[in-house]
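# Architecture at a glance
Spelled out, the chains give:
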Amino acid sequence: MDKNAKIYVAGHRGLVGGAIVRNLQAAGYTNLLLRTHAELDLTNQAATAAFFEAEKPDYVFLAAAKVGGILANNIYPAEFIRDNLAIQSNIIHAAYVNQVKRLLFLGSSCIYPKLAPQPMKEEHLLTGPLEPTNRPYALAKIAGVEMCWSYNRQYGTQYLAAMPTNLYGPGDNYHPDNSHVIPALIRKFHEAKVANAPTVTVWGTGTPRREFLYNEDMADACVYLMNLPDEPYTRLLGSDESKTGKFEPPLINIGVGHDVTIKELAETIQRVVGYTGDIVFDASKPDGTPRKLMDVSRLNGIGWSAQTAFEAGLTSAYIEFAAQVES
Ligand SMILES: NC(=O)C1=CN([C@@H]2O[C@H](COP(=O)(O)OP(=O)(O)OC[C@H]3O[C@@H](n4cnc5c(N)ncnc54)[C@H](OP(=O)(O)O)[C@@H]3O)[C@@H](O)[C@H]2O)C=CC1
Ligand SMILES: C[C@H]1O[C@H](OP(=O)(O)OP(=O)(O)OC[C@H]2O[C@@H](n3cnc4c(=O)[nH]c(N)nc43)[C@H](O)[C@@H]2O)[C@@H](O)[C@@H](O)C1=O
């Protein structure tokens, strides 16, 4: 991307979108196109089409989505499938109509089957049933991958779908119920420390395994992918199955390549926060997928790997959260 290229970051106030903006600005990109949800509702097809027609971005990072943790996915399944299908469909089509050069669509590791072999490779997509707690969201994201692939095949576009593992970091959503596990536990341990509470309750059995990537690393991977030279970028764009007979969607996993149990995660956050009480597990809450570890060899093979050590990333996230609640 030229430093003055017009770059649209959809979802620029979110955990990932915010980090992409910081990454681009630090690298000297000056022509960023940003709209809040209130300024442009991306579920509105006409408004999205008019925005693209007026602004004609060169590159698009599609980081706007309806996002939440295991409970939010369970409580609001209609919103998770409807909003995500609408946002991605409106943006991908408007990008094609207005000749966007490259688009990076962000999906999620939950697109893979609940019991996929571990670590999960890109080729494991659509090889088995999905995890029920997030199937509506996962199906929307799978449709996004298929849409990128279809537009690439029919129209020659250059749309790539990146599938991040679970993310965390500064700018996260710390809602007590709707958030993901890391921000939820940072809040729970901090509040228990302040209140001198004897226990903190962690959902589920503590046995599921999760892989976590720091949001600034995620942003770095996104910008790295967008800036790849034609070779290897075009190699990642998938092949036409009707010609090659191969199932090769334009897909790339983004992760760190190792995981921890929720129990180990809780103990690490307990240490980072400095909470001295006990942890109890509430097995009446869902565990979700038993394990979803990404195979990141495709990403490593093109020269990118995550840099932030887990405890250092958790410490930065906690410092930001503590500053927020104290201000
Ligand atoms: N967080 C995670 O652990 C993971 C995230 N992902 C994916 O990464 C991407 C980014 O997620 P994340 O940054 O965590 O999400 P956030 O919830 O932090 O941010 C989402 C952003 O999308 C915007 N948005 C939502 N709905 C609309 C709408 N209808 N119109 C316009 N803007 C809208 C919000 O705008 P506003 O702030 O103005 O309301 C917000 O900036 C998503 O595609 C998500 O599925 C994938 C795996 C894990
Ligand atoms: C990113 C990813 O995020 C979601 O899938 P998930 O990985 O299951 O997400 P989660 O972070 O909410 O939970 C991870 C694990 O942690 C346990 N857990 C313990 N205590 C708390 C807790 O207090 N809050 C939460 N949220 N979870 C907790 C929880 O029971 C589960 O076993 C989907 O949105 C999915 O669609 C998606 O893309």
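Procedures and definitions
Residues numbered from 1 in each chain as written. Chains lettered and ligands numbered in written order. Predicted model: local features only at pLDDT ≥ 70, side-chain atom pairs only at ≥ 80, totals over all residues. Heavy atoms only, no water. Helix = DSSP H or I, 4+ residues; strand = E, 2+ residues; numbered from the N terminus. Rg over C-alpha atoms; globule rule 2.2 N^0.38 Å. Buried < 20%, exposed > 50% of the residue type's maximum accessible area, 1.4 Å probe, protein only. Contact = heavy atoms within 4.5 Å. Areas by Shrake-Rupley, 256 points an atom, 1.4 Å probe, with all protein chains shown as cover. UniProt positions renumbered as here; feature names shortened; annotations may be inferred. Near = heavy atom within 4 Å. Polar contact = N/O pair within 3.5 Å; in protein donor to acceptor, adjacent residues only side chain to side chain. Nonpolar A, V, L, I, M, F, W, Y, C, P; charged D, E, K, R; others polar.

The number of helices and strands found in the protein chain is 12 helices and 12 strands. In terms of overall size, the protein chain behaves like a compact globule, its C-alpha atoms giving a radius of gyration of 20 Å where 327 residues would be expected to give roughly 20 Å. With respect to the three principal axes, the spread of C-alpha positions in the protein chain is 60 × 45 × 40 Å. Buried positions account for 53% of the 327 residues belonging to the protein chain. A separation of at least 24 residues holds for 81% of the contacts in the protein chain among residues at least 6 apart in sequence. Element-wise, carbon and sulfur atoms account for 51% of the exposed surface of the protein chain, whose accessible area totals about 14,000 Å².

With numbering aligned to this structure, UniProt lists the feature "active site" (unreviewed entry) at Tyr137. For Tyr137, the location among the structural elements is in helix α5 (residues 135–155). For Tyr137, a relative accessible area of 10% translates into the label buried. Setting aside residues no more than four positions away along its own chain, Tyr137 makes contact with Lys66, Asn73, Phe80, Asn84, Ser108 and Cys110.

The local shell around ligand 2 holds 23 residues, among which Gly68, Asn73, Ser108, Pro286 and Asp287 are the closest. Measuring from an oxygen atom of ligand 2, one finds a side-chain N or O atom of Asn73 at 2.6 Å. The contact in question runs from a nitrogen atom of ligand 2 to an N or O atom on the backbone of Ser179, over 2.8 Å. Secondary structure elements with two or more residues in the shell around ligand 2: α3 (70–75), α6 (181–195) and β7 (199–203). Per-element accounting of the shell around ligand 2 gives the leading share, four residues, to α6. Tallied by class, residues from the shell around ligand 2 come to 11 nonpolar, eight polar and four charged.

Here we take up the site of ligand 1. Taken together, 26 residues surround ligand 1, and among them Leu15, Val16, His37, Tyr137 and Lys141 come closest. Taking Gly14, its main chain carries an N or O atom lying 3.2 Å from an oxygen atom of ligand 1. Between Asp41 and ligand 1, the recorded distance is 3.0 Å, taken from a side-chain N or O atom to a nitrogen atom. If ligand 1 stood free it would expose 900 Å²; the protein chains cover 87% of that surface. Class assignment for the residues of the shell around ligand 1 results in 13 nonpolar, 10 polar and three charged.

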